[in-house]
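Take a look at the letters that make up each chain.
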Amino acid sequence: MDRDLISSLPDSVLCWILSFLPTTEAVATSILSARWKILWTGVTSLHFEDSERLFNEPYKESKNDERFVKFVNKVLLLNNVQSLGKFYLCWSRDYDAFYINTWIATAIARNVRILDIIAESDTVELPNSIFTCKTLEFLQLSGDLLIKSPRFVCLPRLVTFNLIRVDDRSHESIGQILSGCAVLEFMYIEQIVILAGPQNLQRMAIKISSPTLKTLRLDFYADCCLDEDWFRKLEINAPALEYLYLKDRTTESFSIEGLKALCEAEIDVYMCDPPESDYCNSVVKLFLALQHVKLLTLSRDTMRVNYGISQNIFLGRATAHFSSKFDRLTTLVVEAHWCKRSCLPALLESSVNLEVLEVLTAGWRNPDRVPRCLLTSLKEIAVQGLEGGKGELAMISYFLKHGRVLEVVDLYSKVDLDIEKKFQLLQKISVFPRKSDTCEVEFH
Amino acid sequence: MIVLNSSDGATFEVEESVAVQSQTIKHMIEDNCADTSIPLPNVNGVTLARVLEYIKKHAEAKDDEEGLKSFDAEFVKVDQASLFEIILAANYLDIKGLLDLTCQTVADQIKDLTVEEVRAIFNIMNDFTPEEEAKLRNDHAWAFE
């Protein structure tokens, strides 16, 4: 006869197992047998999601909403754990904000470490007690939430702070919240900026200032075209930052300083109709802030920016600003927009220690003088999306001709390029003169 | 090197740097209780061998995320009785990663099943009267829909 082994595990272990289940399932174990009746009250992880039961139900009035409220209330009353590990709450119907606030406040009173809240209904303002929670290590807020931080913020253990599509009035509070974080390392903000018409003229500044922040990911995109008067500013001051991911279509002005520890950056910025050359200047300033980076990835649109309305002025400035500025850069990945006046040559000139270059398509003009990296450090080049265009060939020919220490050039044609064209490309490139004897050209 | 003695007299040698993944062993070493060998009366030889397999792998392949993931997935493919033995050992030896892995495995076995199905898998005998069970189902109606 098979024995019931599981029930002989100690209480603490069974509670730990139940902590990995959504709370509804943990509670359901209460009827397995008398042994299991109250085990669930010791789970350290609470996971409430009203769509578990309401997903397919058409919206009725209070009847269904009450069941979820009753359940959460009951669980919170009966759960006797003093130190909650994780509290996850996701709701999609309109509950009285009083309940939402009480539930969150309860989690905080139980010394929660991980708080993950997703609101998919009417905007709810969060309780202030979140901002003075001494045990909180991970805070993730998503959806229709309004965050208004109180003047006094104290989050001594907070390491990760994520804001995902929250009410954009919350951004005013970011600076204040960060000032109360002594050990913050990871931050992620995702935001859709929605314009509600001329009456919504906002001059918003997002200020991110943290002496401990190591990883910052920002994802800002506009839901519709921006109004002329709309102005948005991004300020970053993070001397310990090692990794920056910035995707942005809405910021007009960048003010970024002190990124001395930066190792890796991925930049994708663009504005479709920016006001004159101010935007280009701002992007140049952004580049200046990245000068210590070792690995830099620039999107296609970012490369397009550099050719805004005042091309010549920008180009003049670009070369001056870029000279010898990226001396720690060893790997550069660019999606270069095909355009005669690509800034890729300027970038190469200033990346004097570049070792690896990856280019997706190419805009090319021969630089005024051979970039130093080609002569001394550039060992690997990869070119993606080849079609056989003049610019591409000019660029590859230039690299091969001047790359003194080149070891390998990997060429990837565009996926749908037919065999004939590929072959022609191969033939043409194989006969380009090569400066480096050890250079291998590989077609993929 | 640290010497570990299982409940049934088997002896195992393991590097101290690896053994301290167990907080229990770590504290014993710190408290100088580990002169000759460490007795582990709560863990039998077979289970201790498996636990050591886990901590050795996790010590040597620390940075290989992919590799560890597939190792862990294979590691828990054992029968129920063995899995519970490992859970008890991980609990006694206080090895967080192993305890999380094994408990998550059991939780995954419970997840999405009905109460009757869970009882069947683990041979749990229902000792409630029908009335008691009905009352419990009613008390937490949301959990039983």
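Since this is a predicted model, take the numbers as computed values, not measurements.

A. The overall build of chain B, seen in detail. Counting its regular elements, chain B contains 8 helices and 3 strands. What you see in chain B, going N to C, is helices and strands ordered as β-β-α-α-β-α-α-α-α-α-α. In terms of C-alpha radius of gyration, chain B reaches 19 Å, well past the compact-globule figure of 15 Å for 145 residues. Based on the C-alpha atoms only, the size of chain B along its principal axes is roughly 60 × 35 × 25 Å. The buried share among the 145 residues of chain B stands at 41%.

B. Main features of the nonpolar core. Among the nonpolar cores identified, the biggest contains 171 residues, and Ile-17, Phe-48, Phe-87, Leu-141, Phe-161, Ile-267 and Leu-296 of chain A are the most heavily contacted of them. Setting aside residues up to four positions removed in sequence, Phe-87 of chain A forms contacts with Leu-46, Phe-48, Leu-76, Trp-103, Ala-107, Val-112, Ile-114, Leu-115 and Asp-116 of chain A.

C. Region of the structure containing the pairing of strand E16 (residues 380–386) of chain A. Residues and elements named next belong to chain A. A large share of E16 lies buried, amounting to 5 of its 7 residues. Judged from the 5 bridges that link them, strand E15 (residues 356–360) and E16 form a sheet pairing that is parallel. Bridge pairing in E16 links Glu-358 to Ala-382. The pairing of E16 with strand E17 (residues 408–413) spans 5 bridges and is classified as parallel.

D. Structural detail: the environment of Arg-137 of chain B. Residues and elements named next belong to chain B. Within the fold, Arg-137 resides in helix H8 (residues 130–139). Classification of Arg-137 by relative accessible area gives partly exposed; the value is 27%. In terms of polar contacts, Arg-137 uses its side chain to reach the side chain of Glu-116, at 3.2 Å.

E. Spotlight on unusual backbone geometry. If you check the backbone angles, Asn-111 of chain A has positive phi at about 60° while not being a glycine. Structurally, Asn-111 of chain A is set in the loop between helix H5 (97–109) and strand E3 (114–125). In this structure Asn-111 of chain A comes out as partly exposed when scored by relative accessible area, which is 31%. The phi dihedral of Asp-94 of chain B is positive, around 55°, even though this residue is not glycine. On the secondary structure map, Asp-94 of chain B appears in the loop between helix H5 (80–93) and helix H6 (96–110).

F. Spatial organisation of the sheet that holds strand E3 (residues 38–39) of chain B. All names here are of chain B. What the 3 strands build is an open sheet, ordered E2-E1-E3; its pairing is mixed. Two strands bound the open sheet, and with one partner strand each, they are strand E2 (11–14) and E3. Bridge count for strand E1 (residues 2–5) against E3 is 2 bridges, and the pairing is parallel. By the bridge assignment, Leu-4 is partnered in E3 with Ile-38. Across the sheet, helix H3 (residues 45–60) lies against E1 and E2, angled at about 10° from E2, the strand it touches most.

G. Quick look at the packing of H3 of chain B against H5 of chain B. Residue and element names in this part refer to chain B. Between H3 and H5, the least distance of the axes is 10 Å, while the angle of their chain directions is 70°. Relative to H5, the element H3 lies roughly perpendicular. The element H3 and its partner H5 pack so that their crossing is right-handed. Residue-level inspection shows Thr-47, Leu-48, Arg-50 and Val-51 of H3 in contact with H5, the latter providing Glu-85, Ile-86, Ala-89 and Leu-93. Classifying every residue of the contact of H3 with H5 gives 5 nonpolar, 1 polar and 2 charged.

H. Quick look at the interface of chain B and chain A. The interface is formed by 35 residues belonging to chain B together with 37 residues belonging to chain A. Approximately 3,200 Å² of surface area, both sides summed, lies buried where chain B meets chain A, with 72% of it carried by carbon and sulfur atoms. Inspection of the chain B/chain A interface yields 0 salt bridges. One can count 7 residue pairs in polar contact (both at pLDDT 80 or more) joining chain B with chain A. If you list the elements that add at least two residues to the side of chain B that touches chain A, you get H5, H6, helix H7 (115–122) and H8 of chain B. The biggest single contributor to the side of chain B that touches chain A is H6 of chain B, with 8 residues. Of the residues that constitute the side of chain B that touches chain A, the class distribution is 20 nonpolar, 5 polar and 10 charged.

I. Summary view of the state of the cysteines. All names here are of chain A. In total, this model carries 0 disulfides over all chains according to the counting rule given. Take Cys-133: it sits in no disulfide, and the sulfur closest to it among the cysteines is that of Cys-154, at 9.8 Å. Looking at Cys-133, the relative accessible area reads 2%, which means it is buried. Here Cys-154 stays unpaired: no disulfide links it, and the sulfur of Cys-181, its closest cysteine neighbor, is 9.1 Å away. Relative accessible area serves as the criterion here: at 22%, Cys-154 is assigned to the partly exposed category.

J. Spotlight on the packing of aromatic side chains. In the structure shown here, the tally under the stated rule is 13 aromatic pairs over all chains. Ring centres 6.1 Å apart and planes at 80° place the aromatic pair Phe-48 of chain A and Phe-71 of chain A in the edge-to-face group. Of this pair, Phe-48 of chain A sits in strand E1 (residues 45–49) while Phe-71 of chain A sits in helix H4 (residues 62–78); the two residues are 23 residues apart in sequence, bridging distant segments of the chain. Here Phe-48 of chain A and Phe-71 of chain A have matching classes, each one buried. Here Phe-68 of chain A and Trp-103 of chain A contribute two aromatic rings whose centre-to-centre distance is 5.8 Å and whose plane-to-plane angle is 90°, an arrangement assigned as edge-to-face. One end of the pair, Phe-68 of chain A, is in helix H4; the other, Trp-103 of chain A, is in helix H5, with 35 residues separating them in the sequence. Judged by relative accessible area, which is 1%, Phe-68 of chain A ranks as buried. Through a chain of ring-to-ring contacts, three or more aromatic side chains come together here, namely Phe-48, Phe-68, Phe-71, Phe-87, Tyr-95, Phe-98, Tyr-99 and Trp-103 of chain A together with Trp-142 of chain B. Just above the ring of Tyr-245 of chain A sits the side chain of Arg-217 of chain A; from NZ or CZ to the centre is 4.3 Å.

K. A look at the confidence of the model for chain A. Residues and elements named next belong to chain A. Across chain A, the average pLDDT comes to 84, with 85% of residues at or above 70. For chain A, helix H9 (residues 311–322) is the element with the lowest average pLDDT, namely 47, and strand E5 (residues 160–164) is the one with the highest, namely 95. In this model, residues 197–201 is a region of pLDDT below 50 whose contacts with residues beyond four sequence positions or in other chains number 5 contacts. Low pLDDT, under 50, characterises residues 307–316; the stretch is placed with 13 contacts to residues that sit more than four places away or in other chains.

L. Representation of the side chain of Glu-190 of chain A in the model. Residues and elements named next belong to chain A. For Glu-190, the location among the structural elements is in strand E6 (residues 186–193). Polar side-chain contacts of Glu-190 include one of 2.7 Å to the side chain of Tyr-188. Apart from residues lying up to four places away in sequence, Glu-190 is in contact with Leu-163, Ile-164, Arg-165, Asp-219 and Tyr-221.

Scoring rules and cut-offs
Residues numbered from 1 in each chain as written. Chains lettered and ligands numbered in written order. Predicted model: local features only at pLDDT ≥ 70, side-chain atom pairs only at ≥ 80, totals over all residues. Heavy atoms only, no water. Helix = DSSP H or I, 4+ residues; strand = E, 2+ residues; numbered from the N terminus. Rg over C-alpha atoms; globule rule 2.2 N^0.38 Å. Buried < 20%, exposed > 50% of the residue type's maximum accessible area, 1.4 Å probe, protein only. Core = buried A, V, L, I, M, F, W, Y, C linked by side-chain atoms within 4.5 Å. Contact = heavy atoms within 4.5 Å. Pairing = 2+ DSSP bridges. Polar contact = N/O pair within 3.5 Å; in protein donor to acceptor, adjacent residues only side chain to side chain. Axes fitted to C-alpha atoms, helices over the stretch in contact; angles between N-to-C directions. Parallel < 35°, antiparallel > 145°, perpendicular 65-115°, else oblique. Left-handed = near helix turned anticlockwise from the far one by under 90°. Nonpolar A, V, L, I, M, F, W, Y, C, P; charged D, E, K, R; others polar. Buried area = accessible area lost by both parts, 1.4 Å probe. Salt bridge = Lys/Arg side-chain N within 4 Å of Asp/Glu carboxyl O. Disulfide = S-S within 2.5 Å. Phe/Tyr/Trp six-rings, centres within 6.5 Å; stacked < 30°, edge-to-face > 60°. Lys NZ or Arg CZ within 6 Å of the ring centre and 35° of its normal. pLDDT = per-residue confidence, 0-100.

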